[in-house]
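Report on the structure
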Amino acid sequence: MQFSHQFRKSSKVSRMMSQIHFGNLLRFLACSLFVLGSLIFSVMSQIPMSQAAEELALYTRWRTPTEDGTGVQIHYKTVYWDPAKTAAIVCDMWDNHHCPSAVRRVNEMAPRMNRLLHALRQRGVLIVHAPSGTMSYYEGTPQRQLALSAPKVETPVPLQSWCKLDPTVEGPLPIDDSDGGCEDPNSPPKAVWTKQNELLEIAPGDAIGDGVEIIYLFKQRGIENVLLMGVHTNMCVLGRPFGIRQLVRQGFNVLLVRDMTDSMYNPARPPYVRHVRGTELVVEHIERYWCPTVTSADLLGEPAFRFREDDRPHVTFLVSDDHYQADKLLPQFAHMLADQFDCYTTVMHGQGGHYIWGIEELSAADCLVLYIRRLGLPEHQLAMVRRYLESGKPLVALRTASHAFDTRGKVPPGGAEWIGFDREVLGCNYKGHTLLGGSIVRLVPEQVNHPILAGLPQEPWESEGTLYLVSPLLDDVTVLMMGEAGGRVEPVTWIRNYHGGRIFYTSLGHPKDFENPAFRQLLVNAIFWALGRPVPHQKVSGPQ
């Protein structure tokens, strides 16, 4: 009986202990799940949504006319596409061409394009190879049969075998290709191609076509989105029965992969620019009249492709802030720099958030132009900025860049700060700004002959922006311009070195400053000085 009583008592205690242990276990699991969930949220909040949802994240660019109709506004936005509803078309990447320069460029571009196609294929995108006029070579192959197997369908707009330029829809092409576009002498046009370039893999599950059967295939497969790449931008990419004009008219969402294309343009013809700039002008035409563009960087995680002949300095712009419309003004300035001063420019855009799209370009940049405000970038992105600057590469920093990476303690999950950036890199001590807008700026008399100040007015001018309070500066700073507002006098423009790289900073950069030719000239001069190149004698022309 005593044993039985002790057993019952022990059993009761055991059950109580089990309940306690079980309760502790539940609390432990709940806490663990909470911590794990927090970690996952922290990581996921800094990863583009495409990686979480297996969508394609595509950093697009397009153009619209300004409200007054005198210019063009450049836009950037990340869109997300379902791979199962997406196809990629490879246009006329032939094995040969009558123009030797065209052959050279196709061969140079093809390996990168092949890697892009592999990445798209791995994500579930339908790949369509379209080497026009060579279908007999692929007769009987599974890929050709796949394209031919799609039934004909009624389309909202009648299909065309070639889509010519329609002046009621788009303006004239920005380049003169009336000579056929080949810059090589003694290269009369003739069809010498027999198949697609062998550097491009045609894999199982891909399709091959060169006509409207591609449209039928897309309808059969439920394709809504199309990435188009290949040659030539001003001809077949636009006009083929599977080209941009036809696809847009049929209601597809279309993106041109702008670094995976090339034009037929002879620099000896108007507008008399280098070949790569001629291609860029056609791309800009497409962005204005037909569809946005992207680069292969979105899927390969490395800088956009450039032809070896393109030796222009690469100036990249890092923007996100809409506080002073930097997200709109800097892309416009970048376009002007490319158009008037023969630079290759890219824009890395935060779109108002703490994640920078296109930041892969930083590793290939010759100069960084920075205009952001209080961003807590993901740790790996801020590390990229640090590596760039610590490698001795130059920086041109504007206005709110003095507190670019100081979030005032509001760091997003997975983000990072660089609170001492103003002092460590720029050499200043940002403490805020005057309460009222407007300041008078003037050149420092002892520095009027500095190349950065070349062509600037000697007399003072007015800026509508508030005066930034940045003193004291480090001893190694050379002040070029001073500002005055409400009895306060502060440096507004200066230079120094950081890890051997040239640093330029100005607290100017109010939207109205960009309307001032003197300010735009200051930025052009600063960029070329930072690059270690002679400041151009050419003056900034036209509106911002």
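Preceding this paragraph is the structure being described.
First, a word on what this report is: a plain description of the structure on this page. Sequence positions are assigned chain by chain, starting from 1 and proceeding in written order. Owing to the predicted nature of the model, reporting of local features is limited to residues with pLDDT of at least 70; listing and counting of side-chain atom pairs is limited to 80 or more, with chain, interface and lining totals taken over all residues. Here the side-chain values reflect all heavy atoms present in the structure, with hydrogen atoms and water set aside.

To continue, consider the pairing of strand β1 (residues 56–65). Under the scheme applied here, a residue whose accessible area is under 20% of the maximum for its type counts as buried, over 50% as exposed, and between as partly exposed, the area being computed with a 1.4 Å probe on protein chains only. Each helix corresponds to a stretch of at least 4 residues labelled H or I by DSSP, and each strand to a stretch of at least 2 residues labelled E; elements are numbered beginning at the N terminus. Of all 10 residues that make up β1, 7 are buried, and the element is covered over most of its length. Note on pairing: DSSP must find at least two bridges between two strands before they are called paired. One ladder, built from 10 bridges, connects β1 with strand β2 (residues 72–81); its direction is antiparallel. Within β2, the position partnered with Leu56 by the bridge is Trp81. Linking two consecutive strands that pair antiparallel, namely β1 and β2, is a turn of 6 residues; a positive phi of about 75° is found at Gly69 within it.

Let us look at the state of the cysteines. The disulfide criterion used throughout: a pair of cysteine sulfur atoms within 2.5 Å. Scanning all chains against the criterion turns up 1 disulfide. Covalent S-S linkage joins Cys99 and Cys182, the inter-sulfur distance amounting to 2.2 Å. With the S-S dihedral at roughly 85°, the linkage between Cys99 and Cys182 falls on the right-handed side. Of this pair, Cys99 sits in the loop between β3 (86–91) and α3 (100–122) while Cys182 sits in the loop between α4 (142–148) and β5 (207–208), and the two are 83 residues apart along the sequence.

What follows is about helix α13 (residues 517–531). The terminal C-alpha atoms of α13 lie 21 Å apart, and with 15 residues this matches the ideal 21 Å at 1.5 Å per residue to within 8%. Across the 15 residues that make up α13, a large majority, 14, are buried. N or O atoms closer than or at 3.5 Å make up a polar contact, with two conditions inside protein: a donor-capable atom paired with an acceptor-capable one, and, for residues adjacent in sequence, both atoms drawn from side chains. A distance of 2.9 Å separates the backbone nitrogen of Ala518 from a side-chain oxygen at the start of α13, and that oxygen is part of Asn516. Just downstream of α13 lies Gly532, where phi reads positive at about 75°. Here the expected span of a helix is defined as 1.5 Å times the quantity of residues minus one.

This paragraph deals with the nonpolar core. To qualify as a nonpolar core, a set must consist of buried Ala, Val, Leu, Ile, Met, Phe, Trp, Tyr and Cys residues joined through side-chain atoms within 4.5 Å. The biggest cluster of nonpolar side chains holds 87 residues, and the ones touching the most others in it are Leu395, Phe405 and Met481. Ignoring any residue separated from it by four or fewer positions in sequence, one finds Met481 in contact with Val441, Arg442, Leu443, Val444, Leu453, Trp461, Pro491, Val492, Thr493, Leu508 and Leu522. Formed by 35 residues, the second largest nonpolar core is a distinct cluster that contains Ala150, Phe242, Leu281 and Val283. Contacts were defined at the residue level, with two residues in contact if any of their heavy atoms lie within 4.5 Å.

The next point concerns the sheet that holds strand β9 (residues 314–319). The strands making up a sheet associate through backbone hydrogen bonding, with each pair oriented either parallel or antiparallel. Here 9 strands make up an open sheet; going across it, the order is β10-β9-β11-β12-β17-β16-β15-β13-β14 and the pairing mixed. The sheet terminates laterally at β10 (344–349) and β14 (461–463), the two strands that pair on one side only. With direction set aside, neighbouring strand axes in the sheet form an average angle of 20°. As paired elements, β9 and strand β11 (residues 367–371) share 5 bridges and run parallel to each other. Within the sheet, the bridge partner assigned to Val315 lies in β11 and is Cys367. An axis is simply a line fitted to the C-alpha atoms; with a helix, the fit covers only the stretch in contact. Between two such axes, the angle follows the N-to-C directions and lies from 0 to 180 degrees. Of the strands in this sheet, β9, β10 and β11 touch helix α10 (residues 326–341), which is tilted by about 170° from β9.

Okay, empty space enclosed by the protein next. The method works on a 1 Å grid over the protein atoms by themselves. A cavity is a set of points holding a 1.4 Å probe that cannot get out, a pocket is an open set with protein on both sides within 12 Å along at least five of seven lines, and residues with an atom within 4 Å of a point line them. Grid points are joined across faces, edges and corners, and a volume is the space filled by probe spheres set on the points. As enumerated under the stated definition, the model contains 5 cavities of 30 Å³ or more in all. Here the largest cavity is characterised by a volume of approximately 610 Å³. Residue lining of the largest cavity: 37 residues in total, with Arg61, Arg258, Glu280, Tyr344 and Thr345 positioned closest to the centre. Looking at the lining of the largest cavity, the elements with two or more residues in it are β1, β2, β7 (253–262), α8 (275–289), α9 (297–300), α10 and β10. Here the lining of the largest cavity gets 7 residues from one element, more than from any other, and that element is α8. Grouping the amino acids of the lining of the largest cavity by side-chain chemistry returns 15 nonpolar, 8 polar and 14 charged. One number sums up the size of the second largest cavity: a volume of about 70 Å³. Contributing to the lining of the second largest cavity are 13 residues, with Trp94, Asn96, His97, Val103 and Val106 lying nearest its centre. Considering each element in turn, the lining of the second largest cavity owes the most residues, 4 residues, to α3. Gly is placed with the polar residues, together with every amino acid not listed as nonpolar (Ala, Val, Leu, Ile, Met, Phe, Trp, Tyr, Cys and Pro) or charged (Asp, Glu, Lys and Arg). Class assignment of the residues belonging to the lining of the second largest cavity gives a composition of 6 nonpolar, 5 polar and 2 charged.

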